[in-house]
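Fold and contact review
So you can see what is in the structure, the chains are spelled out below.
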Amino acid sequence: MYKGIAASRGIGIGSICRIVEQDLSFEAKLVSDTAAEKDRFQKAIDDFVEETFAVAEDVRKNIGPQEADILMGHAVMIQDPAMSGEMLSMIDAGQCAESALTSVCDMFHGMFSAMDDEMMRQRASDIADVKVCILKKLLGIQDVEISNVAPGTVLVCKDLTPSMTSQIVKENVTGIITETGGVTSHSAILARALEIPAVLSVPGIVDLVEDKDTAIVDGTAGDAFINPDGDVLAQYLIKREEYIKKQAELKKFIGKETLTADGDKLEIFCNIGTPKDAKKAMECDGEGVGLFRTEFLFMDNTHLPTEEEQFEAYKEALQTMEGKTVIIRTVDIGGDKDIPYMDFEKEDNPFLGFRAVRYCLANTDMYKTQLRAIVRASAFGTAKIMVPLVTNVEEVRQVKKLVEDIKNDLRKEGIAFDEGVEVGCMMETAASTMIADLLAKEADFFSIGTNDLTGYTMGVDRGNAKVAYLYSAFEPAVLRSIKRIIECGKAEGIPAGMCGEAAADPLMIPLLMSFGLDEYSVNPVLVLTARCIISKWTKAEADALAEKVLAMDTQEEIVAALRAAAKE
Ligand code: PEP
Ligand code: MG
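Our subject in this report is the structure included herewith.

Rules used throughout
Within every chain, residues take consecutive numbers counted from 1 along the sequence as written. Key to labels: chains lettered from A, ligands numbered from 1, both in the order written. Since the coordinates come from a predicted model, pLDDT governs what is reported: local features require at least 70, and pairs of side-chain atoms require 80 or more to be given and counted, while whole-chain, interface and lining totals use all residues. Heavy atoms throughout the structure, all of them, feed into the side-chain values; hydrogens and water do not. Going along the chain from the N terminus, every DSSP run of H or I of four or more residues is numbered as a helix, and every run of E of two or more is numbered as a strand. The globule rule used here is 2.2 Å times the number of residues to the 0.38 power, and the radius of gyration it is set against is calculated over C-alpha atoms. Burial here depends on accessible area, computed with a 1.4 Å probe over protein chains only, as a share of the maximum for the residue type. Under 20% is buried, over 50% is exposed, and the range in between is partly exposed. Contacts are assigned to residue pairs with any non-hydrogen atoms lying within 4.5 Å of each other. Residue burial considers only the protein chains on display, and all accessible areas are found by Shrake-Rupley using a 1.4 Å probe. Residues scored as positive are Lys and Arg, those scored as negative are Asp and Glu, and His as well as the terminal groups of each chain are ignored. Just so you know, the charge point we use is NZ for Lys, CZ for Arg, CG for Asp and CD for Glu. We call a residue near a molecule or strand whenever a single non-hydrogen atom of that residue lies within 4 Å of it. Pairs of N or O atoms within 3.5 Å make up the polar contacts considered here, provided that, within protein, one atom can donate a hydrogen while the other can accept it, and that residues adjacent in sequence are counted only when both atoms are side-chain atoms. Here, nonpolar core means buried Ala, Val, Leu, Ile, Met, Phe, Trp, Tyr and Cys residues that are tied together by side-chain atoms lying within 4.5 Å of each other. Salt bridge, as used here, is a side-chain nitrogen of Lys or Arg placed within 4 Å of a carboxyl oxygen of Asp or Glu. The donor definition counts N, O and S atoms within 2.8 Å of each metal and applies 3.2 Å to Na, K and Ca; water is not among these atoms, so some sites may look incomplete. Throughout, an axis means a line fitted to C-alpha atoms (over the contacting stretch in the case of helices), and angles, computed between N-to-C directions, take values from 0 to 180 degrees. Each angle receives one of four descriptions, namely roughly parallel if under 35 degrees, roughly antiparallel if over 145, roughly perpendicular if within 65 to 115, and oblique otherwise. Crossings are sorted by hand: turned counterclockwise from the far helix by less than a right angle, the near helix makes the crossing left-handed, and turned clockwise it makes it right-handed. Asp, Glu, Lys and Arg are counted as charged, while Ala, Val, Leu, Ile, Met, Phe, Trp, Tyr, Cys and Pro are counted as nonpolar; the rest, among them Gly, fall into the polar class. Here, patches come from residues exposed beyond 30% relative accessible area and free of salt bridges, joined within 9 Å for like charges and within 5 Å for nonpolar side chains (Val, Leu, Ile, Met, Phe, Trp, Tyr). Any two strands between which DSSP finds at least two bridges are classified as paired. If you view a crossover with the strands going away from you and the path from the first strand over the helix to the second runs clockwise, you call it right-handed. When the centres of two rings from Phe, Tyr and Trp lie within 6.5 Å, Trp using its six-membered ring, the rings pair. Their planes under 30 degrees apart give stacked, over 60 give edge-to-face, and anything left gives tilted.

1. Topic: the overall build of the protein
Across its full length, the protein holds 23 helices and 17 strands. Taking 24 Å as the expected radius of gyration for a compact globule of 568 residues, we find that the protein reaches 25 Å, a close match to that expectation. Within the protein, the fraction of its 568 residues that count as buried is 51%. Nonlocal contacts in the protein, meaning residues at least 24 apart in sequence, comprise 68% of its contacts between residues at least 6 apart. Summed over its atoms, the accessible surface of the protein is roughly 25000 Å², and 52% of this surface lies on carbon and sulfur atoms. The average position of the 60 basic charges and that of the 94 acidic charges among the side chains of the protein differ by 4 Å.

2. Section: the site of ligand 1
Arg293, Glu428, Gly449, Asn451 and Asp452 are the nearest of the 13 residues found near ligand 1. The separation between an oxygen atom of ligand 1 and a polar main-chain atom of Asn451 is 2.8 Å. Contact between ligand 1 and Asp452: an oxygen atom at 3.0 Å from a main-chain N or O atom of the residue. Protein chains shield 95% of the accessible area of ligand 1, which is 290 Å² for the free molecule. Looking at which element gives the most residues to the shell around ligand 1, the answer is helix H18 (residues 450-458), with three residues.

3. A look at the nonpolar core
Counting residues in hydrophobic clusters, the biggest one holds 99 residues, and the most contacted among them are Phe446, Ile482 and Tyr520. Residue contacts for Ile482: discarding those within four places in its chain leaves Ile448, Thr450, Leu453, Met498, Met508, Leu512 and Phe515.

4. Observations concerning the pattern of salt bridges
One pass over the full model with this rule turns up 38 salt bridges. Between Asp106 and Lys131 there is a salt bridge, with its nearest N and O atoms 2.9 Å apart. With Asp106 in helix H4 (residues 97-113) and Lys131 in helix H5 (residues 118-139), the pair connects residues that are 25 residues apart, well separated along the chain. Under the relative-accessibility criterion, Lys131 is labelled buried at 19%. Close ionic contact of Glu179 with Lys158 constitutes a salt bridge, the shortest N to O distance being 3.5 Å. Here Glu179 is found in the loop between strand E5 (173-178) and helix H7 (186-194), whereas its partner Lys158 is found in the loop between strand E4 (153-157) and helix H6 (162-165), with 21 residues between them in sequence. Counted as one network, the salt bridges with shared partners bring together Glu295, Arg329, Asp332, Arg355 and Asp452.

5. Here we look at the coordination of the magnesium ion (ligand 2)
Each protein donor to the magnesium ion (ligand 2) is listed here as Glu428 (OE) and Asp452 (OD); together their distances run 2.1 to 2.2 Å. Separated by 24 residues along the polypeptide, Glu428 in the loop between strand E14 (422-427) and helix H16 (430-434) and Asp452 in helix H18 bring together distant segments of the chain. You can call Asp452 buried: its relative accessible area is 10%.

6. Some points on the packing of H18 against helix H19 (residues 476-491)
With their axes 10 Å apart at the nearest point, H18 and H19 run at an angle of 120 degrees to one another. Between H18 and H19, the angle falls in the class oblique. You can see that H18 and H19 cross each other, and the crossing is right-handed. Within the contact between the two elements, H18 uses Thr450, Leu453, Thr454, Thr457 and Met458 and H19 uses Ala477, Val478, Ser481, Ile482 and Ile485. By residue class, the composition of the contact of H18 with H19 is six nonpolar, four polar and no charged.

7. So, a negative patch on the surface
Taken together, the side chains of Asp343, Glu345, Glu347 and Asp348 present a region of like negative charge at the surface. Mapped onto the elements, Asp348 comes out in the loop between strand E12 (325-329) and helix H13 (356-362).

8. Some words on the pairing of strand E17 (residues 519-522)
Neither face of E17 is open: one carries Glu519 and Ser521, the other Tyr520 and Val522, and all of them are buried. The pairing of strand E10 (residues 265-272) with E17 spans four bridges and is classified as parallel. When the bridges of E17 are listed, Ile268 appears paired with Tyr520. Pairing between strand E16 (residues 496-498) and E17: two bridges, direction parallel. From the neighbouring strand, Met498 faces E17, where its bridge partner is Tyr520. Read from E16 through helix H20 (residues 509-515) to E17, the crossover connection turns out right-handed.

9. Remarks on the environment of Ile406
Along the chain, Ile406 turns up in helix H15 (residues 393-413). Along the primary structure Ile406 and Ile176 are separated by 230 residues, whereas in three dimensions their C-alpha atoms are 51 Å apart. With near-sequence residues (within four places) excluded, Ile406 lies in contact with Lys368, Leu371, Arg372 and Val375.

10. Re the packing of aromatic side chains
Aromatic rings considered in pairs are described by the distance between their centres and by the relative angle of their planes. Tallied over the entire structure, the rule returns six aromatic pairs. A ring pair is formed by Phe225 and Tyr236, whose centres lie 5.0 Å apart and whose planes are at 55 degrees; its orientation type is tilted. Highlighted residues: Phe225 in strand E8 (residues 223-226) and Tyr236 in helix H9 (residues 230-251), separated in sequence by eleven residues. The burial state of Phe225 is the same as that of Tyr236; both residues are buried.

11. Examining the sheet that holds E8
Within a sheet, adjacent strands bond to each other through the backbone by hydrogen bonds, running parallel or antiparallel. Spatially, the eight strands line up as an open sheet ordered E1-E8-E7-E3-E4-E5-E6-E2, and their pairing is mixed. Edge positions in the sheet fall to strand E1 (2-3) and strand E2 (5-8), since each has one partner strand and no second. Looking at chain direction, E5 and strand E6 (residues 198-200) are connected through two bridges and run parallel. When the sheet's bridge partners are listed, Ile176 is paired in E6 with Ala198. Sitting on the sheet, H9 is in contact with strand E3 (11-19), strand E7 (214-218) and E8, with an inclination near 115 degrees to E3.

Printed below as a string of structure tokens:
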């Protein structure tokens, strides 16, 4: 068995097609006819852009807008004057097109891959993908026709690039195994959108297999088997049937309310990162948006987003959600989320530093632009404002004051907005847990961000592998924090939601039900799974389980007890 990263769920069994890296070496030459060389280069770019646009259109129709945008991004990137202009000047100076392309792409690749931010590092792999595509055009190299592979194929390759993924015919490819890539890589996003089981980052896998070998891809566990023996194959054929049956069972929950086994109504919302994701939330039957991360407006940009740009983005999400609640989190930048044009000072402890609401309240012009855009957009649906990284009451009061000032201005200007737009707290620090009783008097709602709450409660840097064993929402300290936050909210009559990853964890859900969580905000693809799990538990059963595990001392005991009680 080979262990990799579980990047796209499900079990695929099939016959391997290896995608071997092509030899892209070339001899760097000096050219004298620079005009002809520039024409050759331009033709390669034009062909690439034309093909990419065509494929992106297919992807938009057959897969989705977010996936198409990844490809369009490639075409836009290579035409960016910063890149293509630099390449053309190098050709003018006598370099061949292959050299100019390689030097400039490698330079940008190095720059992006050195950045701390995951999104920026993703750009580095996009650049590498574009470089290879254009180099193949210049060298006249033909790719394996992924679109023509036979039904029942498992693709094995070094890296599954977006340009390769876009050629996949979903009916023919039953699994994917790669040597590189992580859960948030574009190839993983595309594999999930196509619902093809994928295991990524299996070291050296391409050289370990032959074409036509049999492979099992367990994209849920992150396991891959090559030429498995009869017993393993039989076991996985059964597992695959069970998985397919489960998926069919989930379909029963489409269009249904989220009800506990007692018939009590709860809500499953979605986490989104762009207005386009709101469409996915609707398609996946989300009952609202529990976390709209607004960082994309600031990160995918070359300037501070204007009020109008932001207003359009929030309005689009609200209109797509057709009146359902959209909780818009004000921007959580600074710290690890660097923005190139914003010139943040380097900090020794960025996670404990000048970020999120702290940065925003010190830069009120920027913050007021965002709040005004949200309040204006509230006229187009049910918008709520959520404040990240709250640590004291004063921060919430200041945000509320800014919102009131903005409302007054809009009234004077005769601009429509929702008078009842709520302001809530994102509960993700140990301080907010301790003063949850005080915050509940100030805020209209709570949303628990367990991703950070776990880190800040346990004092653990989530990127540090040596202390990763402490980074668990099942630690008694984190469970007690979650319970306390919900109870303090209830005592003041405000609702509590959760938008951290724990809200979708099948083991955590019965505990959250017992604690009284009202709204579970999850990745859109997990809406039905969460609804299905909730339907299996009565409040009395959830309470009995919670009482038992809260009396336990360790994460290990708690997880074992929850596993034993799980209703799959
Ligand atoms: C969280 O901290 O749980 C959360 C949802 O916010 P983010 O992951 O964006 O920090
Ligand atoms: Mg957070």
